[in-house]
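# Chains, contacts and geometry: an overview
The lines below spell out each chain.
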Amino acid sequence: MSIKKLDVPGPKAQAILARDKKHTSPSYPRDYPFVMDHGKGAECWDVDGNRYVDFAAGIAVLATGHAHPEVVKAIQQQAEKFVHISSDYYHDPMVSLGEKINEIAPMKEDVGIFYANSGTETVEAAIKLAKYVTGRPRFIGFLGAFHGRSMGSLSFTASKFTQQERFFPTMPGVWHVPFPDPYRPLFLTQPGDDAGDAAVDYIENVLFADALPPDEVAAVVVEPIQGEGGYIVPPPHFFPRLRKVCDKHGILLIADEVQSGVGRTGKWWAIEHWNVEPDIVCIAKGIASGMPLGLMVARQSVIQKWSPGAHGNTYGGNPLACVAALKTIELIQNGMMQNAATVGEYILDALAEMQSRHPSIGDVRGRGLMIGVELVKDKKTKAPAKQLRDAVVHGCFERGLLTLGCGRSATRIMPPLMLPKLLADEGLQIFEDALTEAEHQYL
Ligand SMILES: *Cc1c(COP(=O)(O)O)cnc(C)c1O
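## Details of the site of the ligand
In the vicinity of the ligand, the residues found are Ser118, Gly119, Thr120, Phe146, His147, Gly148, Glu223, Asp256, Val258, Gln259 and Lys285. Between the ligand and Gly119, the relevant distance is 2.8 Å, taken from an oxygen atom to a main-chain nitrogen or oxygen of the residue. Between the ligand and Thr120 there is a distance of 2.8 Å, counted from an oxygen atom to a backbone nitrogen or oxygen. About the coverage of the ligand: the protein hides 82% of its 380 Å² of free accessible area.

## A short note on the domain arrangement of the protein chain
Domain annotation of the protein chain identifies domain 1 (11-68 + 335-442) and domain 2 (70-331). Taken over C-alpha atoms, the centre of domain 1 sits 25 Å from the centre of domain 2. Residue-level contacts link 40 residues of domain 1 with 31 residues of domain 2. At the boundary of domain 1 and domain 2, one finds 2 salt bridges. As a salt-bridge pair, Arg184 and Glu374 come within 3.0 Å of each other at their nearest N and O atoms. Where domain 1 touches domain 2, the interface holds 15 residue pairs in polar contact (both at pLDDT 80 or more). When residues of the side of domain 1 that touches domain 2 are traced back to their parent elements, those giving at least two are α2 (57-60), α10 (319-357), β11 (361-367), β12 (370-375) and β15 (410-413). The residue inventory of the side of domain 1 that touches domain 2, partitioned by class, reads 25 nonpolar, 9 polar and 6 charged.

## A word on the packing of helix α3 (residues 69-81) against α10
Interhelical geometry of α3 versus α10 gives an angle of 150° and a closest axis separation of 9 Å. Taken together, the axis directions place α3 and α10 in an arrangement best described as roughly antiparallel. Read as a crossing pair, α3 and α10 show a hand that is right-handed. Between α3 and α10, the residues in contact are Glu70, Val71, Ala74, Ile75, Gln78 and Ala79 and Pro319, Leu320, Val323, Ala324, Lys327, Thr328, Glu330 and Leu331, respectively. Among the residues making up the contact of α3 with α10, the classes are represented as 9 nonpolar, 2 polar and 3 charged.

## Looking at the nonpolar core
Considering soluble globular proteins, one finds that nonpolar side chains tend to be buried as a cluster. Within the largest apolar cluster, 108 residues are counted, with the highest numbers of intra-cluster contacts made by Phe142, Leu242, Ile287, Leu295, Val297, Ile347 and Leu351. Take this core: its biggest share by element is 16 residues, from α10. Here this core spans two domains, since at least three of its residues come from each of domain 1 (11-68 + 335-442) and domain 2 (70-331). When near neighbours in sequence (up to four residues on either side) are disregarded, Leu242 contacts Phe142, Val200, Ile203, Val220, Val222 and Leu253. With 26 residues, the next largest nonpolar core counts Val174, Val221, Ala298 and Val302 among its residues.

## Observations concerning the environment of Met354
Looking at the element boundaries, Met354 is found in helix α10. For Met354, a relative accessible area of 3% puts it in the buried group. Sequence separation of Met354 and Thr342 is 12 residues, and the distance between their C-alpha atoms is 19 Å. In this view, Met354 contacts Ile361, Leu428, Phe431 and Glu432; residues no more than four positions away in its chain are not counted.

## Topic: the environment of Pro234
Relative to the helices and strands, Pro234 is located in the loop between β7 (217-222) and α8 (238-249). The class of Pro234 is buried, set by a relative accessible area of 2%. In this structure the C-alpha to C-alpha distance between Pro234 and Asp194, which are 40 residues apart in sequence, comes to 9.3 Å. In this structure, Pro234 is in contact with Phe179, Pro180, Pro224, Ile225, Phe239 and Trp274, ignoring residues within four places of it in sequence.

## Some words on α3
Taking 1.5 Å as the rise per residue, α3 with 13 residues should run 18 Å; its terminal C-alpha atoms sit 19 Å apart, in good agreement. The set of residues buried in α3 consists of Val71, Ala74, Ile75 and Gln78. Projected down its long axis, α3 shows its buried positions confined to an angular sector of 95°, all on one face. Opposite the buried face of α3, at more than 90 degrees from it, the exposed residues are Pro69 and Glu80. Its buried side turned inward, α3 meets α4 (92-104) and α10.

The rules behind these values
Residues numbered from 1 in each chain as written. Predicted model: local features only at pLDDT ≥ 70, side-chain atom pairs only at ≥ 80, totals over all residues. Heavy atoms only, no water. Near = heavy atom within 4 Å. Polar contact = N/O pair within 3.5 Å; in protein donor to acceptor, adjacent residues only side chain to side chain. Areas by Shrake-Rupley, 256 points an atom, 1.4 Å probe, with all protein chains shown as cover. Domains from an automatic or database assignment. Contact = heavy atoms within 4.5 Å. Salt bridge = Lys/Arg side-chain N within 4 Å of Asp/Glu carboxyl O. Helix = DSSP H or I, 4+ residues; strand = E, 2+ residues; numbered from the N terminus. Nonpolar A, V, L, I, M, F, W, Y, C, P; charged D, E, K, R; others polar. Axes fitted to C-alpha atoms, helices over the stretch in contact; angles between N-to-C directions. Parallel < 35°, antiparallel > 145°, perpendicular 65-115°, else oblique. Left-handed = near helix turned anticlockwise from the far one by under 90°. Core = buried A, V, L, I, M, F, W, Y, C linked by side-chain atoms within 4.5 Å. Buried < 20%, exposed > 50% of the residue type's maximum accessible area, 1.4 Å probe, protein only. Expected span 1.5 Å × (residues − 1). Arc of directions from axis to C-beta.

Here you go:
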């Protein structure tokens, strides 16, 4: 054991950090000072020449890895033709992307697409569409959710209270209910119970019975696997039952696949793990390998109900982003999604073994390359070990691995989908070394 620590941040990084401090908003939550120089696949290098294995992928964005030559070429070729024209006009990359999304969307019905530039914009579009189409004013969201930081999506975001602090009132009418966490269920359950039943029972038998008229609810907004909230995979009954409740009351089901989508979990969309069809899907992060692109995808029978002028934007369907997305989808289809499933299984197995060697690993969970490791003070009490988690994330940085935390005390593994096993091994070794040191310090 004991991997050599890098001397970071080095002199060139320090110079950039000092300049960054002068004009960049201090609101960005930055866990450690990595200063990027260049990347290739699942590796990247800082400005002082230190090499890193990338288990963060720019927050699950670099689906095909850093600077995939075919993605780069597609962007270059498009840039020479035209960089922008605006969503007032028409062009082939935008239409071609729509056709491709129609093929892979998790609905049997044909879909229509609103083109945006980020995750939060897709959630805003989904909220507006749901209000417009149903004529209803209220929504249901989940504790631990993350849907973005603009005033509509922020009203649903509930994974850390600093995201909400001093911004109220955001959009009114959002009711938060517990998300079923099999590791830390909020409702009393017997062994063998499905925490998903309890969560949906709460909506039906408590919320709808006592407080919230269901025919005033436009939509339920939910992440198929909670991302920022801790990489929490809901139990089997949750989505099928949630779908039934929505159908019963004419409520739309909006799946926010911004982090979990685009092949990351070994299927195109995480909600497909439960064979449930949403009415609207929000897509961003991994869809264009780093070009800013968001897509709000809705069943035709829903999206055809809003009229010209109901929603729009300037950059929607940006051609550079669209060609990057088309190439990304092709690469994921031709091997990377399979790799995410295979290497994801491999990492989950390795982590399960690591769990038996370490007192602080309370839970290991995930699908494909969306993997969470929950760190606790004690496996019996499951008390969150936040300081230890932060020390692990920082310890990884010092040893040449990029990771991020999520939830109260989890770390997440969300590498590019092309991650080779060799780099998975290297990253896991660094992770275990950092974990060993943090356990000595904090347990
Ligand atoms: C990151 C994220 C968003 C917000 O995306 P931005 O591009 O940062 O606006 C929304 N939903 C989920 C699930 C996310 O992970």
